[in-house]
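These are the residues of each chain, in order.
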Amino acid sequence: MATVTFEKATRLYPGSTRPAVDALDLDVEDGEFLVLVGPSGCGKSTSLRMLAGLEEVTEGRILIGDRDVTDMPPKDRDIAMVFQNYALYPHMTVAENMGFALKIAGVNKDERAARVLEAAKLLDLEPYLARKPKALSGGQRQRVAMGRAIVRSPQVFLMDEPLSNLDAKLRVQTRTQISSLTRRLGVTTVYVTHDQVEALTMGDRIAVLKDGVLQQVGTPRDLYANPENVFVAGFIGSPAMNLFHADKADGGIRFGNTIIPLERAALDAASGTAVTVGVRPEDVIVSTTGTEGLPVEVDLVEELGADGYLYGHTEINGQRTDIVARVDGRSHPNAGDRVHLTPKLGHVHAFDTESGLRLVHAIVD
Ligand SMILES: Nc1ncnc2c1ncn2[C@@H]1O[C@H](COP(=O)(O)OP(=O)(O)OP(=O)(O)O)[C@@H](O)[C@H]1O
Ligand SMILES: [Mg+2]
């Protein structure tokens, strides 16, 4: 087991003007499950590949435990990687696929068989050891790819979108299996996904990347409750946080015809005459009779059993602004209704409109 440290790790691809990963500083604790998340092209795979030794580090350093691995060949790093496409050898059986890396490493036949069997038991693959990959389901193939990583007992697991080839239901089951398995084994894991739900459900901590730049690192709860900037606020959470401009007013910000109080320090810190306000759908209070707050016309209500989501729009400074609110799944307003929305007090996020940085420091539940 080991820690992983990125120290100002940068990757500039030949011919590009902007680094794909820009001075990444990140510490992964021993035994931790860290998820790297962000939109397509933000540098997740590049970060993982630098850690694996498959991509050159242009500047900075990478350490596994106390070892500086920046210039070390992949085979000496004591890591195992699980890729999106599994890359199983089609002509080999499951057992041969799982034991291949051990064979290359010169491990004898008996020990190989024992380690493969142990991993197969962990992954419920024992009945399939003699089969070829083409005779397996997608989920079973995914488990063979995991098994191939496990048998090597590496110090670090690296996983790049390992669930993206599975259908939605299997993805949910498999993500639970992966997180409980890696925790049971206690192996430090760096897991890449573009799916924020996967990140929230699997990670001990989450690191959010955008355009090669680290935006925030924290527990799922931290990132959800206290996003440090507008990007993280909008990226983490589904449906996404409502974000809109609100004019400063005396002691707070304007929310339709009412003023929502905001800390003096936050208001003073904001650079312009307006701030960007964020309210999560579950923190919006919908009133069908009241006249306080933002007047909203309901466009659609999505019923999801116990809960529902109300999608509506309003006008803020002459601009059409869409808003989502969580409502009761059975008793709620309908399309065409006019309602008034106010935020739950103490659950208003505020960001500087120019820099996008958080103004209110902590939201306490
Ligand atoms: N071999 C390469 N040569 C030049 N540019 C590259 C190379 N590989 C990736 N890039 C660029 O580097 C940036 C980061 O790519 P990367 O593959 O790390 O993104 P990602 O976050 O994994 O995206 P995705 O979610 O789509 O897999 C992108 O702009 C991409 O076009
Ligand atoms: Mg990628």
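Higher on the page you've got the structure.
Presented here is an overview of the structure given in this document. Please read these numbers as outputs of a predicted model, since none were measured by experiment.

1. Quick look at the packing of aromatic side chains
Summed over the entire model, instances satisfying the criterion amount to 4 aromatic pairs. An angle of 65° between the planes, with centres 5.0 Å apart, marks the rings of Tyr-89 and Phe-100 as edge-to-face. Separated by 11 residues along the polypeptide, Tyr-89 in the loop between β6 (79-82) and α2 (94-104) and Phe-100 in helix α2 bring together distant segments of the chain. A residue is classified by how much of its surface remains accessible, and Tyr-89, at 33% relative accessible area, is partly exposed. Classification of Phe-100 by relative accessible area gives partly exposed; the value is 26%. Between Phe-231 and Phe-235 the ring centres are 5.6 Å apart and the planes differ by 15°, which places this aromatic pair in the stacked class. Residue Phe-231 and its partner Phe-235 are located together in helix α8 (residues 230-235), separated by 4 residues, close to a single helical turn. You can call Phe-235 buried: its relative accessible area is 17%.

2. With respect to the sheet that holds strand β13 (residues 258-261)
If you trace the 5 strands from one edge of the open sheet to the other, you get β13-β12-β11-β14-β20, paired in antiparallel fashion. The open sheet terminates on both sides in strands that have one partner only, identified here as β13 and β20 (349-352). Along the sheet, successive strands turn relative to each other by an average axial angle of 45°, direction set aside. Note that strand β14 (residues 274-279) and β20 share 4 bridges and pair antiparallel. Of the residues in β20, the one forming a bridge with Thr-276 is Phe-351.

Rules behind the numbers
- Residues numbered from 1 in each chain as written.
- Chains lettered and ligands numbered in written order.
- Predicted model: local features only at pLDDT ≥ 70, side-chain atom pairs only at ≥ 80, totals over all residues.
- Heavy atoms only, no water.
- Phe/Tyr/Trp six-rings, centres within 6.5 Å; stacked < 30°, edge-to-face > 60°.
- Helix = DSSP H or I, 4+ residues; strand = E, 2+ residues; numbered from the N terminus.
- Buried < 20%, exposed > 50% of the residue type's maximum accessible area, 1.4 Å probe, protein only.
- Pairing = 2+ DSSP bridges.
- Axes fitted to C-alpha atoms, helices over the stretch in contact; angles between N-to-C directions.

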